Amino acid sequence: MSTILVKIFATALVLGQVTTRPDAVKPEFDPVRGQAEVVQILRDGCGHMRKAFDIEDINLDDLIATAMDDPKALGGDIPAFRGISFGDLITAYRQFCKNETVEKSPVDLGEVITFYNTAVADLPDHTKLKDKRLPGTTVFLDAKDERFAELYEPDHRRVWVALSDIPEHVQKAFVAAEDKRFHQHKGIDERGLIRAFIGNLTQPGRPQGGSTITQQVAKNLLVGADVTYERKMREIILASRIERTLTKADILELYLNSIYLGRGSWGVEMAARSYFGKSAKDLDVAEGALLAGLTKGPNYFNPDRQPARARERLAYVLSRMKEDGAIGAEESDRMSKDLPALAAYERPRRDTGFHFLDHFVREAKAAAGIETLTASSYVVHSTVNPDLQRAAETALQDGLARYELNTGRSKFQGAEANLSEAVQRIAAEQKAGDPPWRTALKGARLPLYDVHWPPAIVTEKARVRGGGETIRVGMSDGRVLPLVVPNAAIRRNLNLHDVVYVRVAEAKGKTPARAELRIRPTVQGAALVLENRTGRILAMAGGFSYPLSQLNRTTQAQRQPGSAIKPLVYLAALRKGLQPNTLVLDTPITLPPIGTVGYGREQDYWTPKNYDSGASGIVTLRRALENSKNLVTVRLLEGGIETDPEQSLDRICELGQEAQIYKECVRYYPFVLGAQPVRLIDLAAFYAAIANEGVRPSPHAIDSIDQGGRTVYQHAPTSAVWVGSADRVAFYQLKTMLQGVVQRGTAHGIKHLAPFVAGKTGTTDNENDAWFVGFTNDVTVAVWVGYDNADGKRRTLGNGQTGAKVALPIFEPIIQAAWTYHAPKTALAPPSPEAQRQIAALPINLATGDRLPEGARGGFVETFRLDRFGDLQDTQYRLVPQEEAYAYRGYDGRGDGETFGAWWGESDNRPFTRYPYWRDSPRVEAPWRGLFGEPRWWSGDERARPRRIDPDYFWGNRHSVQ
């Protein structure tokens, strides 16, 4: 028995059961004992189908006679019928439909039963379709409520719509086009199958399936779209079962939400939006009929590319609706003349925000309890600023590539793609217009689809004298430019129609325009832009390129922050009352192991070093932070916060947990220099708290989520928290000190931004990580650069590659973009009214911290804390005794103390030296003001009069005023 005949009779066995005994369809027959039952089912089924032929006014016997006379007259061009012996088929027809006795049956019932049993085994559970909601498309809106992105499962770009929200004329259009007897049959339309069968025999061009709407639901949602007899058999059985489980309305709703209608749209709602820019509930008759016509073949009847076919199909659907009485003849004729107006369509090709999109999904689960955003159709109101997002990604990509280029680490791995086949195909098809290479380039989807560098295609590669080669590349704007490559090896590896990324250097003077090759970096990085007041994440770049790595390094990675954590230590010191002009030793220090009583092992003692391995003697708290002095930071553990280093470490850890930088602290001294890894987003939120004078915002990417017009999640506007153990004054003092980092310190590379920006660099041991976190009044921008080291090999950035050198150049274009696209540039804000009441702004010598007379030249206005009585607490010599500080004062050879006083009141250059040259201290009376602006000594309180005491002066009191 031929294989095709086995499959035909197995399918007939399925049809025989669902048409004559739908409640008793058997999943299995015994190949031997079940043959008699199978014969009866085939005969009953054939009798049932003969009635259907009669209803359709088709003489089956005449059809059989025609096939006997000329087998090629029927089905000769149908591939599925090739190999069939029509003689065997007609003999079987006589045996099972005419109930005649045949000498030798061509049907081996054992083979038929075996094939049947295998095909219908393990059928899916059709009852799961009851109340089923198909995966939907979630739309993400940006901060301006404009469409930013969509999220959907493959082949499920849909928006679910209830049947009650689909106009009746649209429902009737689909029924007329696909299943005329939908409301009469029980899942299988025998008459429809017969019409399709005869149509395929007489017009074997485009095959007809004869499937009902219920069968299509079974195919789309349960058995798949394999073009096999096995699938068809399973589909028929399941369709029969679905009809006994679901109502017709349920089935039609599933169908109208599951079908593919072209333009990347599944379901009638998404198709209505795509083709007509409106909801399904607003479709008119012609629009509904056009969509209904697309179900037969969205590509074949595509109204964009095949308008004539689409118009013909529209006329067919309208005529069927007229036959069904859904519309009148005049209405049908009028709407058949032209296609309804279509909305402009461009296939969505997003090239930005992919790490951000992943974060949306995780935040929706964590904050809103939505397990998956594709389970239904949601509208997510996000915080993303699309222009700023693109700018942040571009700055990060440019900065990472620039770092590897400058350090000689760039390694060309090959072209992004080769478009030779596309160019040849376009050249053969295209009659006029753009050069084929340009058309191919504009249509190419490169592997790194989120890299914001212009692609170029090699259009010419020619040899020149001396054995070299020149390469010219074409740009998407049509220009052809010479390509500049770093070395000859890369030039040799490039071929015609290779696609590479370039940087276009425009013509300047006599130098013509050129394209410079850009090379994918292997180093990674991350950048985040956070709105200070609200915590809204405006931009998020989780790595160089999402296709290369889906790890979001702003939220999913922890790296050592290095010196970027030092503001936490200094905040702890400021809240304990230290003033920014407090003097601290910048000299070597060794701390014993934590918890050691007596002497510990020598190797357990910790002796940190400054980045340059040097020591500057004595420095103010401000200048220490500005220049990122490690030794000073560690020395704050000894009396700057608590008297005991271990207790000081505990206070810093507690503050770090309160600021939500860490959930828990690893209790060891290197913590104060950034040894414990941190998430970039948590560090950014801490810096935003500094900008806010202690209010830490809650970083979030979702403002609200809607479903079906109802808000199902709203971010709490009161989610910001006070870092309560530190006050506004301490935060404002820290803010001014971080502004000094930009003005004079490690971030002086952007000192032109100092009036508007404060921040801190960070570099870890051996330059494993480079950081810069900076803020304005409105936003905080955090940047990290480093190698992932996921392969276990520790790769550093290289000697001298600090945060200032690697991360800071990435920060600047991002902050400029924030001023352009989010909030205008403004000078950093003065203290809040609450902080201002406890602050005195007084001139000092920036280098020594000494207070200066009002109006003295070269002074720096420092921010001092006042106590609750309005008194200034002088802590300049709290950590370094006066006599020791004077011993470090360098002698300039200018003579008397008055001259010396003028010198250190005017200059920052030589306040202290590394070696103790003793010198008499000058006497300076700095007129700082009281609560109402009057000098404190006006009240008659002599103790409030500012004065300096020579530690060796033995006439009178020898104490310093606090």
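Just above sits the structure.
A quick note: this is a predicted structure, and the numbers were derived from the prediction, not measured.

Each helix and strand in the chain was counted, giving 30 helices and 24 strands. Put simply, the chain has 962 residues, and 54% of those count as buried. Summarising the internal contacts of the chain: among those between residues at least 6 apart in sequence, 69% fall at separations of at least 24. Summed over all atoms, the accessible surface of the chain reaches about 43,300 Å², with 48% contributed by carbon and sulfur.

Between helix α8 (residues 213-223) and helix α9 (residues 229-245), the shortest axis-to-axis distance is 8 Å and the interhelical angle comes to 110 degrees. Viewed along their axes, α8 and α9 adopt a mutual orientation that is roughly perpendicular. Relative to α9, α8 is oriented so that their crossing is right-handed. Residue-level inspection shows T214, Q215, A218, K219, L222 and V223 of α8 in contact with α9, the latter providing R231, K232, R234, E235, I236, L238, A239, I242 and E243. Class assignment of the residues belonging to the contact of α8 with α9 gives a composition of 7 nonpolar, 2 polar and 6 charged.

Our focus in this paragraph is the side chain of Q397. Mapped onto the elements of the fold, Q397 is located in helix α16 (residues 386-406). For Q397, the side chain forms a polar contact with the main-chain oxygen of D450, separated by 3.0 Å. Among all residues touching Q397, those that are not within four sequence positions of it are D450, V451, H452, W453 and F544.

The subject of this paragraph is the packing of aromatic side chains. Per the counting criterion, the structure on display carries 18 aromatic pairs. Clustering of aromatic rings is evident, with ring pairs tying together F140, F356 and F360. Taking NZ or CZ as reference, R313 lies 5.5 Å from the ring centre of F301, over its face. Geometry around F354 places R350 over its ring, the cationic atom sitting 4.1 Å from the centre.

Here E190 is to be found in helix α7 (residues 190-202). Despite being buried, E190 has no salt bridge partner; R181 is the closest side chain of opposite charge, sitting 4.7 Å away.

Attention now goes to helix α27 (residues 808-821). In this model α27 runs 20 Å from its N-terminal to its C-terminal C-alpha over 14 residues, within 8% of the 20 Å that 1.5 Å per residue would give. Residues of α27 that are buried make contact with α16, β10 (524-531), β21 (769-775), β22 (779-786) and α26 (803-806).

A complete count under the given rule lists 1 disulfide for this structure. Bridging C46 to C97, the disulfide has an S-S length of 1.4 Å. Judged by the sign of its S-S torsion, about 110 degrees, the cystine formed by C46 and C97 is right-handed. Of this pair, C46 sits in helix α2 (residues 35-55) while C97 sits in the loop between α4 (86-96) and α5 (109-119), and the two are 51 residues apart along the sequence. For C46, a relative accessible area of 11% puts it in the buried group. Its sulfur unpaired, C653 is 3.3 Å from the next cysteine sulfur, which belongs to C665. Here C653 falls in the buried class, since its relative accessible area comes to 7%.

Further remarks concern the sheet that holds strand β11 (residues 537-541). Strands sit in the order β11-β10-β22-β21-β20 across an open sheet of 5 strands; the sheet is antiparallel. Where the open sheet ends on each side, the last strands, each with one partner, are β11 and β20 (758-763). Adjacent strand axes in the sheet meet at a mean angle of 5 degrees, parallel and antiparallel pairs treated alike. In this sheet, β11 lies alongside β10 in antiparallel orientation, the contact comprising 4 bridges. Among the inter-strand pairings, V529 is bridged to a residue of β11, identified as A539.

Under the criterion given, the structure shown has 48 salt bridges. Put simply, R33 and D30 hold a salt bridge, and the shortest N to O gap is 3.1 Å. What makes R33 exposed here is its relative accessible area of 71%. For E235, the salt bridge goes to R231, with nearest N and O atoms at 2.3 Å. One end of the pair, E235, and the other, R231, are both in helix α9, 4 residues apart, so they sit about a helical turn from each other. Note on accessibility: E235 and R231 belong to one class, buried. Each member of the salt-bridge network shares a partner with another, and the members are R622, R623, E626, R744 and E862.

For D155, which is not a glycine, the phi torsion comes out positive at approximately 65 degrees. Its place among the elements puts D155 in the loop between β2 (147-151) and α6 (168-178). Unusually for a residue other than glycine, R263 sits at a positive phi of about 55 degrees. Assignment of secondary structure puts R263 in the loop between α10 (248-258) and α11 (268-276). Judged by relative accessible area, R263 falls into the buried class, the value being 7%.

Judged by side-chain charge, R305, R347, R349 and R445 come together as a positively charged surface patch. Relative to the assigned elements, R349 resides in the loop between α14 (329-336) and α15 (354-368).

This brings us to the packing of α6 against helix α13 (residues 307-323). Where α6 contacts α13, the two axes come as close as 8 Å, and the packing angle between them is 105 degrees. Judged on the interaxial angle alone, α13 and α6 are roughly perpendicular. For the pair formed by α6 and α13, the contact residues are H169, K172, A173, A176, A177 and E178 on the first element and R313, Y316, V317, R320 and M321 on the second.

Counted at 1.5 Å a residue, the expected span for helix α24 (residues 680-691) with its 12 residues is 16 Å, and the 17 Å between its end C-alpha atoms agrees. Of all 12 residues in α24, 12 are buried; the element is thus mostly enclosed. Residues of α24 that are buried: L680, I681, D682, L683, A684, A685, F686, Y687, A688, A689, I690 and A691. Looking one or two residues beyond α24, the residue adopting positive phi is E693, at roughly 60 degrees.

This next bit is on the environment of T763. By the secondary structure assignment, T763 is in strand β20. A relative accessible area of 18% places T763 in the buried class. On a C-alpha basis, the gap between T763 and L673 in space is 9.7 Å, while along the polypeptide they are 90 residues apart. Contact partners of T763, with chain neighbours within four places excluded, come to G562, S563, D769, Q801, T802 and G803. At 2.9 Å, the side chain of T763 and the backbone nitrogen of G803 are in polar contact.

Turning our eyes to something else, we now look at the pairing of β21. With 7 of its 7 residues buried, β21 lies for the most part within the structure. Side chains D769, W771, V773 and F775 project from β21 onto one buried face, and the interleaved A770, F772 and G774 project onto a second face that is buried too. With 6 bridges connecting them, β20 and β21 associate as antiparallel partners. The residue of β21 that forms the bridge with K760 is V773. Hairpin geometry of β21 and β22 is characterised by an intervening segment of 3 residues between the two adjacent antiparallel strands.

Cut-offs and rules
- Residues numbered from 1 in each chain as written.
- Predicted model: local features only at pLDDT ≥ 70, side-chain atom pairs only at ≥ 80, totals over all residues.
- Heavy atoms only, no water.
- Helix = DSSP H or I, 4+ residues; strand = E, 2+ residues; numbered from the N terminus.
- Buried < 20%, exposed > 50% of the residue type's maximum accessible area, 1.4 Å probe, protein only.
- Contact = heavy atoms within 4.5 Å.
- Areas by Shrake-Rupley, 256 points an atom, 1.4 Å probe, with all protein chains shown as cover.
- Axes fitted to C-alpha atoms, helices over the stretch in contact; angles between N-to-C directions.
- Parallel < 35°, antiparallel > 145°, perpendicular 65-115°, else oblique.
- Left-handed = near helix turned anticlockwise from the far one by under 90°.
- Nonpolar A, V, L, I, M, F, W, Y, C, P; charged D, E, K, R; others polar.
- Polar contact = N/O pair within 3.5 Å; in protein donor to acceptor, adjacent residues only side chain to side chain.
- Phe/Tyr/Trp six-rings, centres within 6.5 Å; stacked < 30°, edge-to-face > 60°.
- Lys NZ or Arg CZ within 6 Å of the ring centre and 35° of its normal.
- Lys, Arg positive; Asp, Glu negative; His and termini not counted.
- Salt bridge = Lys/Arg side-chain N within 4 Å of Asp/Glu carboxyl O.
- Expected span 1.5 Å × (residues − 1).
- Disulfide = S-S within 2.5 Å.
- Pairing = 2+ DSSP bridges.
- Patch = residues over 30% accessible without salt bridge, like charges linked within 9 Å, V, L, I, M, F, W, Y side chains within 5 Å.
- Charge placed at Lys NZ, Arg CZ, Asp CG, Glu CD.

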